[in-house]
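Fold and geometry: a report
Residue-level listing of the chains:
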Amino acid sequence: MNTLLPILKKEFLGYFRSPVGYVILAVFHLLAVGLAFFSGYYRSNQASLDIFFSFVPWIFLFFIPATGMRLWAEENRSGSIELLMTLPISISSAVIAKFLAAWGFIGIALGLTFSLAITTGYLGDPDWGKIISGYFACLLIAGSFLSISSLCSAMTKNQVIAFVISVLICFFATVLGSQFLASLVNKLPTAIANVVSNFSYLIHFQTMTRGLIELAALSFFLTTTAAFLAINIIILKR
Amino acid sequence: MVEVDNLKKSYGSLQAVKGVSFTIEKGEILGFLGPNGAGKSTTMKMITGYLSPTSGTARVQGFDVQTHPIEVKKRVGYLPESSAAYPEMTVVEFLTYVAEARGITAKDEISDRLGDVIIKCHLQKVQGQTIETLSKGYRQRVGLAQAILHDPSVLILDEPTDGLDPNQKYEVRKLIKGMAENKAIILSTHILEEVEAICTRVIIVDEGRVVVDESPEDFKARKPGAKIDEIFRELTNKNSYA
Ligand SMILES: Nc1ncnc2c1ncn2[C@@H]1O[C@H](COP(=O)(O)OP(=O)(O)OP(=O)(O)O)[C@@H](O)[C@H]1O
Ligand SMILES: [Mg+2]
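The structure presented is a predicted model; accordingly, all values stated were derived computationally and were not measured. (Residues numbered from 1 in each chain as written. Chains lettered and ligands numbered in written order. Predicted model: local features only at pLDDT ≥ 70, side-chain atom pairs only at ≥ 80, totals over all residues. Heavy atoms only, no water.)

**Some points on the overall build of chain B**
Across its full length, chain B holds nine helices and ten strands. For 242 residues, the compact-globule formula gives about 18 Å, and the C-alpha radius of gyration of chain B, at 18 Å, lands near that figure. For the C-alpha atoms alone, the extent of chain B along its principal axes is close to 55 × 40 × 35 Å. Split into buried and exposed, the 242 residues of chain B put 53% on the buried side. Across chain B, the fraction of contacts at a sequence separation of at least 24, relative to all contacts at a separation of at least 6, is 65%. Per element, the accessible surface of chain B, about 10600 Å² overall, is 47% carbon and sulfur. (Helix = DSSP H or I, 4+ residues; strand = E, 2+ residues; numbered from the N terminus. Rg over C-alpha atoms; globule rule 2.2 N^0.38 Å. Buried < 20%, exposed > 50% of the residue type's maximum accessible area, 1.4 Å probe, protein only. Contact = heavy atoms within 4.5 Å. Areas by Shrake-Rupley, 256 points an atom, 1.4 Å probe, with all protein chains shown as cover.)

Okay, here's the thing in structure tokens:
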């Protein structure tokens, strides 16, 4: 644990040492609140964050890879990886520390959108359980996307490549459960369709934003996160 | 303190290190010489645990790098060839991070250690500056400061005086020599006077193999009256301009 902390701290503060972190935060905030606003959040007369939550996976598709792309690619490019790997820290600690730092940064971005929830609570009488479980779902899907981005980042010294590849993977993982794919899958036998949708980020996410903390959804996000981080560790061990 | 036994490293089909062996004890300063691409950096990276060898072993104070990497890394201070650091951090932030990551957590101890290396490496003037704004020589000194911060028993320095001005070269050599008493030090260099000035032993590698391993005196005695770089040239130039 005490070997985790210094890296975690350094990485987390790293987001604020250059303008990049602030830019990512601002763009995320504007997109999230702006999209919710323009698509009728204030007009719908519903005291809920459903509209906001429906956008989150799609915004995360870009926001999370943008947050995670630098984690390892930057170290690989500048050569500081050599320094990191000769500190008395295990590779798994380093991977987890970096992951937690980026996750914390995303937590802040999400936390800032809580203004929406507060306005909702002020204007109406929302189902707080649903809002909390929705935010919880956001954190989980973010963690899973982030583990994908971290893995992609570890495989290259080019942040742009890390970004593009992780957006593609996250996109594919998300549409596995979208309407669009569902219509294609319709032509498949139901058994296969069910298997495919078990791997859908979107379906598990939607379950949770409906206020249900299902074991299947929870374990799906946690398992995928752990699995991608494990591959990340193996890759760095070379 | 450091035992290297038949280390080999291949990058794909290229054999960069073809079986390097040596042992060094406390108090020794080993000058690691050889032409560009001889395999000096690769060998050093394997001893520090950054690269895993294709075969062979490296031990530091009895710990095998491959089976006990953390134990080895605790005991080694390493200055990489690139002397890379984190550009957005200030010198003090960076050194604090390294100290913490090396398990030094008490605030007083961190400031003691930092104060010490900042003076030793002459960084007072730039300590509040971000690393990206430093000149090459200062970056090199930050790298050196980072390597000696935890007072390691083994120091591995890849071209420590590269990019330093003549005064700093002199200072850094003095610093290295001053630390040698209770450490084992390996340094690579292309500056042959450096070897005469501070090293207690010379190893020349060429094309991944050790071709010379002796004291600087014996090395010079190979050809009395000749300059040390003449001898170097004769030993390593066999196929260059044939
Ligand atoms: N990552 C790598 N991939 C492929 N080949 C490499 C890699 N790193 C080094 N090499 C090759 O291994 C050989 C030894 O390189 P090394 O960096 O150890 O040389 P060196 O003795 O430190 O040289 P220099 O004096 O220029 O620093 C060289 O032929 C180099 O091209
Ligand atoms: Mg080298």
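**Comments concerning the interface of chain A and chain B**
Taken together, the 21 residues of chain A in the interface contact 23 residues of chain B. A combined buried area of about 2200 Å² lies between chain A and chain B, and 62% of that area is made up of carbon and sulfur atoms. At the boundary of chain A with chain B, the tally comes to two salt bridges. Here glutamate 93 of chain B ties to arginine 17 of chain A by a salt bridge, and the two come within 3.3 Å at their closest N and O atoms. Our enumeration of links across chain A and chain B arrives at six residue pairs in polar contact (both at pLDDT 80 or more). Within the residue set of the side of chain A that touches chain B, elements represented by two or more residues are α1 (4–14), α4 (70–78) and α5 (80–84) of chain A. The element that contributes the greatest number of residues to the side of chain A that touches chain B is α5 of chain A, accounting for five residues. Residue classes in the side of chain A that touches chain B are distributed as nine nonpolar, six polar and six charged. (Buried area = accessible area lost by both parts, 1.4 Å probe. Salt bridge = Lys/Arg side-chain N within 4 Å of Asp/Glu carboxyl O. Polar contact = N/O pair within 3.5 Å; in protein donor to acceptor, adjacent residues only side chain to side chain. Nonpolar A, V, L, I, M, F, W, Y, C, P; charged D, E, K, R; others polar.)

**Some remarks on the coordination of the magnesium ion (ligand 2)**
Residues and elements named next belong to chain B. For the magnesium ion (ligand 2), the full set of protein donor atoms is Ser41 (OG) and Glu81 (OE), and the range of their distances to it is 1.9 to 2.2 Å. Of this pair, serine 41 sits in helix α1 (residues 40–48) while glutamate 81 sits in the loop between β6 (76–79) and α3 (91–101), and the two are 40 residues apart along the sequence. Among the residues examined, serine 41 registers a relative accessible area of 13% and is labelled buried. (Donors = N, O, S within 2.8 Å, 3.2 Å for Na, K, Ca; no water.)

**Notes on the environment of methionine 89 of chain B**
On the secondary structure map, methionine 89 of chain B appears in the loop between β6 and α3. For methionine 89 of chain B, a relative accessible area of 3% puts it in the buried group. With 41 residues separating them along the chain, methionine 89 of chain B and threonine 130 of chain B place their C-alpha atoms 5.2 Å apart. Residue contacts for methionine 89 of chain B: discarding those within four places in its chain leaves Lys10 and Arg17 of chain A together with Phe94, Tyr97, Gln129, Thr130 and Ile131 of chain B.

**Here we look at the nonpolar core**
Counting residues in hydrophobic clusters, the biggest one holds 142 residues, and the most contacted among them are Phe60 and Trp72 of chain A together with Phe22, Ile47, Phe94 and Ile186 of chain B. Broken down by element, the residue count for this core peaks at twelve residues, all from helix α8 (residues 128–154) of chain A. (Core = buried A, V, L, I, M, F, W, Y, C linked by side-chain atoms within 4.5 Å.)

**Some words on the layout of surface pockets**
Each pocket or cavity is described by its volume, and for the largest pocket that value is around 450 Å³. As for the largest pocket, its lining consists of 18 residues, of which Ile91 and Lys237 of chain A together with Gly49, Pro69 and Lys73 of chain B are closest to the centre. Taken together, the elements giving at least two residues each to the lining of the largest pocket come down to α13 (215–237) of chain A together with α2 (69–75) of chain B. Ranked by the residues each element gives to the lining of the largest pocket, the list is headed by α2 of chain B, at three residues. Class assignment for the residues of the lining of the largest pocket results in ten nonpolar, four polar and four charged. Counted as a void, the second largest pocket has a volume near 340 Å³. Gly14, Ser18, Arg70 and Glu74 of chain A together with Glu88 of chain B are the residues nearest the centre of the second largest pocket, which is lined by 22 residues in total. The set of elements that each furnish at least two residues to the lining of the second largest pocket consists of α1, α2 (19–38) and α4 of chain A. With five residues, α4 of chain A is the largest single contributor of residues to the lining of the second largest pocket. Its residues placed into classes, the lining of the second largest pocket shows eight nonpolar, six polar and eight charged. (1 Å grid on protein atoms, 1.4 Å probe; cavity = no way out; pocket = protein on both sides within 12 Å on 5 of 7 lines; lining within 4 Å. Points joined across faces, edges and corners; volume = space filled by probe spheres on them.)

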